Amino acid sequence: GESVGLHLPTLSVQEGDNSIINCAYSNSASDYFIWYKQESGKGPQFIIDIRSNMDKRQGQRVTVLLNKTVKHLSLQIAATQPGDSAVYFCAENPGQAGTALIFGKGTTLSVSS
Amino acid sequence: KAGVTQTPRYLIKTRGQQVTLSCSPISGHRSVSWYQQTPGQGLQFLFEYFSETQRNKGNFPGRFSGRQFSNSRSEMNVSTLELGDSALYLCASSFVQVPGELFFGEGSRLTVL
């Protein structure tokens, strides 16, 4: 079936570095994308979202880029901090009615100080 | 403002039993959706409720069911439990029934022995 996937299961960076987490999606009908962060023992927490009529959106220390031509999504975290260590999931809404999301497998970000 | 509350947080059942999980959405949120999270399959959409009606259903067997009450609280039930049902069950709520930020609870961790 159609799914959202991530390129790397793990990513290790040094504190202060910029992190880039990538995601590929396969459903051309998807019109809404979202990044979540999940810390151990907690539910996913919203980071940032982007709709298909945009190619870039910035938040606080985070930027999401959407390339619809190659069906690619990325999350950039500036000046990564130890508190950013978590599993990051991209998700897509495949354009069906409702809020159902298809999640990727997740990338574990480890930040060392 | 209180977040999404899920009960119980942890539970252990044996094969063949049934289980009911509860979710209280953020006050004012009318859409509630459920996800199953396992190490192998990741986060998978179960179903979504809006105004007491199931609006969307994922690819799960009929043993998985749910409902929503007039106060937007939701329950999900799994009957005839199997070992493979061991997972973290996450509830998410949103204000409207359109793609947007979902607020997740911390989940109910079910272990089936």
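(A) Summary view of the overall build of chain A. When its secondary structure is counted, chain A shows zero helices and 11 strands. Starting at the N terminus and walking to the C terminus, you meet the elements of chain A as β-β-β-β-β-β-β-β-β-β-β. For a compact globule of 113 residues, the expected C-alpha radius of gyration is about 13 Å, and chain A comes in at 13 Å, within 12% of that figure. Going through the 113 residues of chain A one by one, you find that 44% of them count as buried. Taking as baseline every contact in chain A between residues at least 6 positions apart, the subset at least 24 positions apart corresponds to 54%. Put simply, chain A shows about 5300 Å² of open surface, and 46% of that area lies on carbon and sulfur atoms.

(B) Region of the structure containing the interface of chain A and chain B. The interface is formed by 20 residues belonging to chain A together with 25 residues belonging to chain B. Regarding the contact of chain A and chain B, the summed buried area is about 1700 Å², with carbon and sulfur atoms giving 52% of it. Sorting the residues of chain A by area buried against chain B places P44, T99 and F103 of chain A first, and these three jointly supply 30% of that buried surface. Put simply, chain A and chain B have zero salt bridges between them. The interface formed by chain A and chain B holds seven residue pairs in polar contact (both at pLDDT 80 or more) in total. Residues of the side of chain A that touches chain B, tallied by class, amount to 10 nonpolar, seven polar and three charged.

Definitions and limits used
- All residue numbers here refer to positions counted from 1 along the written sequence of the relevant chain.
- Labels are handed out in written order, letters beginning with A for the chains and numbers beginning with 1 for the ligands.
- The predicted nature of this model means local features are confined to residues of pLDDT at least 70 and side-chain atom pairs, given and counted, to a pLDDT of 80 or more, with totals for whole chains, interfaces and linings taken over all residues.
- The side-chain values count all of the structure's non-hydrogen atoms but skip hydrogen atoms and water molecules.
- Helix and strand definitions here come from DSSP, where helices need a minimum of 4 consecutive H or I residues and strands a minimum of 2 consecutive E residues; each element is numbered from the N-terminal end.
- For a compact globule the rule gives 2.2 Å times the number of residues to the power 0.38, and the radius of gyration it is set against comes from C-alpha atoms.
- Any residue under 20% of the maximum accessible area for its type is buried, any over 50% is exposed, and the rest in between are partly exposed; the area is computed with a 1.4 Å probe on protein chains only.
- Residues count as neighbours in contact if any of their non-hydrogen atoms are within 4.5 Å of one another.
- For every accessible area listed, the method is Shrake-Rupley and the probe measures 1.4 Å; residues are considered covered only by the protein chains on display.
- Buried surface area refers to the total accessible area, computed with a probe of radius 1.4 Å, that the two partners give up upon joining, counted for both partners together.
- Within this document, salt bridges are pairs made up of a side-chain nitrogen of Lys or Arg and a carboxyl oxygen of Asp or Glu, the two lying within 4 Å of each other.
- Any pair of N or O atoms that falls within 3.5 Å is considered a polar contact. Within protein, one atom must be able to donate a hydrogen and the other to accept it, and sequence-neighbouring residues count only if both atoms are side-chain atoms.
- The nonpolar class holds Ala, Val, Leu, Ile, Met, Phe, Trp, Tyr, Cys and Pro. Asp, Glu, Lys and Arg form the charged class, and all remaining residues, Gly among them, are polar.

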